[in-house]
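# Examining the three-dimensional arrangement
As a plain string of letters, each chain reads:
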Amino acid sequence: MNRIDQKFQELRKKNKKAFIAFITAGDPSLEVTKKLVVSFEQSGVDIIELGVPFSDPLADGATIQSASYRALQKGVTLGKILKLVEEIRKETQIPIALMSYYNPVFSYGEKRFVEDAKRCGVDGVIIPDLPPEEAKELIGIAKQNDFSTVFFLSSTTRKDRIKNIVNASSGFIYFVSVAGVTGARNKLSFSIRKSIMDAKTYTKKPICVGFGISTSEQVKKVASFSDGVIVGSAIVGEVAKNSGQKDLVQNVSQYVSRLTRVL
Amino acid sequence: MSLPDNKGRFGQFGGRFVPETLMSLLSDLEKAYFSFKKDKKFKEELRFYLREFAGRPTNLYLAERLSDHLKTLKVYLKREDLLHTGAHKINNTLGQILVAKRMGKTRVIAETGAGQHGVATATVCALFGLKCDVYMGAEDMKRQALNVARMKLLGTRVIPVTSGSQTLKDAMNEAIRDWVTNVADTFYLIGSVAGPHPYPVMVRDFQSVIGQEARQQFLKKEKSLPDYLLACVGGGSNAMGLFYPFFHDEKVKMIGVEAAGHGLSSGEHSATLTQGTVGVLHGSKSRLLQTSDGQIKIAHSIAAGLDYPGVGPEHAYYKETGRAQYVSVTDKEAVEGLKLLSRIEGIIPAMESSHAVAYLEKLARHVKSKSTVIVCLSGRGDKDVDAIKQVIA
């Protein structure tokens with residue numbers, strides 16, 4: 001059982017919901033990313049989703065696109081991110097999943113990726129452009145290494161695919177709240193509640209909701225019918241806003257605390 | 001075995017690498033397309049529009065003075081440049097718009113590089129009264145201002161893309177983002193044999209009319225099959241359209257000409273098949289120009305329509321199996337090709353097609369005996385005149 005599974009087991013016992021925070025690794029620097037991860041644990045974050053920057057992030061809105069671009073300009077690579085996690089593991093055991101587009105992982109080599117990531121202390125991977133149909137090899141290697149593979153469900157997912165997706169998923173299942181790209185939104189559709197209830201009839205695995213969530217009201221509401229909430233662009237935007245400031249880590253952590261408090 | 005397989009694979013290439021939100025939609029599209037493909041009414045309607053609206057069949061023209069100039073080659077030009085809107089792109093947009101209409105979609109989006117696919121999409125949307133938005137790199141909008149104006153005249157909104165290299169790859173990213181957001185009512189009309197399954201096979205099928213006609217026309221004129229087929233390759237739709245109907249004619253050699261830009265050693269080129277490595281971009285596995293970390297490189301070519309760091313998966317398969325050979329010519333050589341055909345045959349080819357024309361000189365030196373060749377003249381050069389004025393001055 002890896003750190004993600006342990007965390008959900010622990011949360012279930014306490015009847016609590018997970019708060020999953022996404023940040024782009026290396027924005028504004030790998031050093032700051034490390035500090036943010038360590039600090040987020042104190043701010044009530046349960047799981048960290050660490051974004052691997054990619055040149056063509058086609059599932060992302062403007063906020064994460066810009067963060068990816070900045071990180072790439074600084075020379076961030078998947079290899080450097082794995083080393084970063086190795087460093088982070090000296091200070092915290094908070095569960096960490098990498099979120100990467102498929103090409104950097106494919107280019108690194110799937111087997112080598114899972115083995116290196118596991119050794120460095122990464123607990124799982126989330127790949128938005130890799131549906132389970134194309135992931136058989138990755139899933140096989142991940143299973144052998146107790147490494148989570150998180151797949152997506154969306155309100156457009158047809159019933160005949162749900163079973164396959166929940167079976168392929170480990171750690172948790174990522175439910176996409178809106179048809180669209182990542183990015184903070186004022187309004188969320190709460191018809192997703194029904195879709196999640198439907199998916200729950202297929203699996204006991206945790207289902208967490210992401211895309212577009214940015215306010216504590218939204219966090220509270222979404223948590224009421226899911227197992228966890230993923231906040232990305234709002235936090236990445238906050239990092240960008242505080243870029244270059246001495247108290248960046250403190251400011252962003254305070255912002256995150258305000259979101260986690262409602263859970 | 002006919003390819004792709006039921007997962008959209010051509011050997012190891014192809015597939016469907018997209019966000020979950022699009023998966024069910026792509027299954028719908030796949031089912032719809034394969035049923036229309038067999039549907040008599042659909043085929044009749046497409047044939048009607050290709051003939052009456054687009055101007056098919058196009059001529060297979062014997063370029064006599066060019067052949068004399070080259071000495072060892074007898075060159076036939078497949079005149080896709082004579083089609084309505086000025087390039088082969090209309091073959092595919094007419095096919096896909098009929099699919100979109102039958103699927104009840106009310107809005108069409110597209111990406112465009114040179115603007116030819118954008119114009120062809122805008123044209124069929126005007127023809128069928130569908131709302132149309134085209135994504136185009138801001139850099140390409142400058143290079144191809146004429147096509148931007150044409151799209152606007154046709155009632156299409158052209159959305160400038162300012163991210164990344166501001167060219168075709170970024171326009172495709174932005175179109176996919178729009179598609180994910182408006183998945184219910186919007187049809188994504190992809191312009192090349194790229195993207196997730198079923199796009200590569202669907203676009204190939206719609207473009208195959210090029211090769212089907214050329215094969216019949218050539219047989220009629222020469223009572224034999226050609227020795228060579230020659231076409232430029234960016235994403236690869238005109239080349240695949242010409243090649244595919246000759247796939248089983250094993251003696252017919254196929255050559256795809258990529259853009260070597262400022263030269264292969266300069267690193268500034270679009271020679272994906274000759275220089276790239278295997279990777280996944282825009283929904284399928286193929287060859288890509290990428291760094292050792294799997295980041296996509298920025299492509300370069302004087303021809304906006306070839307300026308793409310990926311290539312259709314079926315071409316990657318043809319290369320791997322050796323069915324086709326892929327070569328490249330530089331910006332400079334392509335301009336020479338354009339000048340040559342203009343002056344010797346009275347035909348101004350598109351900058352993209354000029355790459356295929358330019359390779360003729362190399363092929364002419366390489367052949368051992370007099371050989372026949374069909375060159376796909378994928379588009380006309382009107383759109384490029386402004387951009388190359390400085391170069392030819």
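This section reports on the structure supplied with the text. Note that the coordinates shown come from a computational prediction; the quantities given were computed from them, not determined experimentally.

### Description of the overall build of chain B
Helix and strand counts for chain B come out as 16 helices and 14 strands. The globule rule puts the C-alpha radius of gyration for 393 residues at 21 Å, and the 19 Å found for chain B is close to it. Across chain B, every contact between residues at least 6 apart in sequence was considered, and the portion connecting residues at least 24 apart equals 74%. The average position of the 52 basic charges and that of the 41 acidic charges among the side chains of chain B differ by 3 Å.

### Here's the deal with helix H1 (residues 20-38) of chain B
End to end, H1 of chain B covers 29 Å across 19 residues, agreeing with the expected 27 Å (1.5 Å per residue, within 8%). Taken residue by residue, H1 of chain B has Glu-20, Thr-21, Leu-22, Met-23, Ser-24, Leu-25, Leu-26, Leu-29, Glu-30, Ala-32, Tyr-33 and Phe-36 of chain B as its buried positions.

### Description of unusual backbone geometry
Residue and element names in this part refer to chain B. Following Leu-3, the chain continues into Pro-4 via a peptide bond in cis, with omega recorded as 5°. Tracing the chain through its elements places Pro-4 in the segment before strand E1 (9-10). Across the junction of Arg-56 and Pro-57, the peptide omega takes the value -5°, indicating a cis bond. One can find Pro-57 in the loop between helix H2 (40-54) and strand E3 (60-62).

### Description of the pairing of strand E9 (residues 228-231) of chain A
Residues and elements named next belong to chain A. Of the two faces of E9, the one lined by Gly-228 and Ile-230 and the one lined by Val-229 and Val-231 are each fully buried. Strand direction decides the pairing type here: strand E1 (residues 18-24) and E9, joined by four bridges, are parallel. Of the residues in E9, the one forming a bridge with Ile-20 is Ile-230. Examined bridge by bridge, strand E8 (residues 207-210) and E9 share two bridges and lie parallel to one another.

### Here we look at the sheet that holds E9 of chain A
Residue and element names in this part refer to chain A. The nine strands are arranged E5-E4-E3-E2-E1-E9-E8-E7-E6 in an open sheet whose pairing can be described as parallel. Strands at the two margins of the open sheet, each flanked by one partner only, are strand E5 (148-150) and strand E6 (152-154). The sheet shows a mean angle of 25° between the axes of neighbouring strands, direction not considered. Two strands pair when backbone bridges link them, and strand E2 (residues 47-51) and strand E3 (residues 96-99) are joined in this way by four bridges, in the parallel orientation. Bridge assignment links Leu-50 to a residue of E3, and that residue is Leu-98.

### Some remarks on the packing of helix H2 (residues 30-42) of chain A against helix H12 (residues 248-260) of chain A
All names here are of chain A. Put simply, H2 and H12 touch, their axes get as near as 10 Å, and they point 40° apart. Taken together, the axes of H2 and H12 lie oblique to each other. Considering how the two elements wind past one another, H2 and H12 form a crossing that is right-handed. Contacts from Val-32, Lys-35, Leu-36, Ser-39 and Phe-40 of H2 reach H12 at Leu-248, Val-249, Val-252, Ser-253 and Val-256. Within the contact of H2 with H12, the residues separate by chemical class into seven nonpolar, two polar and one charged.

Rules used in this analysis
- Residues numbered from 1 in each chain as written.
- Chains lettered and ligands numbered in written order.
- Predicted model: local features only at pLDDT ≥ 70, side-chain atom pairs only at ≥ 80, totals over all residues.
- Heavy atoms only, no water.
- Helix = DSSP H or I, 4+ residues; strand = E, 2+ residues; numbered from the N terminus.
- Rg over C-alpha atoms; globule rule 2.2 N^0.38 Å.
- Contact = heavy atoms within 4.5 Å.
- Lys, Arg positive; Asp, Glu negative; His and termini not counted.
- Charge placed at Lys NZ, Arg CZ, Asp CG, Glu CD.
- Expected span 1.5 Å × (residues − 1).
- Buried < 20%, exposed > 50% of the residue type's maximum accessible area, 1.4 Å probe, protein only.
- Pairing = 2+ DSSP bridges.
- Axes fitted to C-alpha atoms, helices over the stretch in contact; angles between N-to-C directions.
- Parallel < 35°, antiparallel > 145°, perpendicular 65-115°, else oblique.
- Left-handed = near helix turned anticlockwise from the far one by under 90°.
- Nonpolar A, V, L, I, M, F, W, Y, C, P; charged D, E, K, R; others polar.

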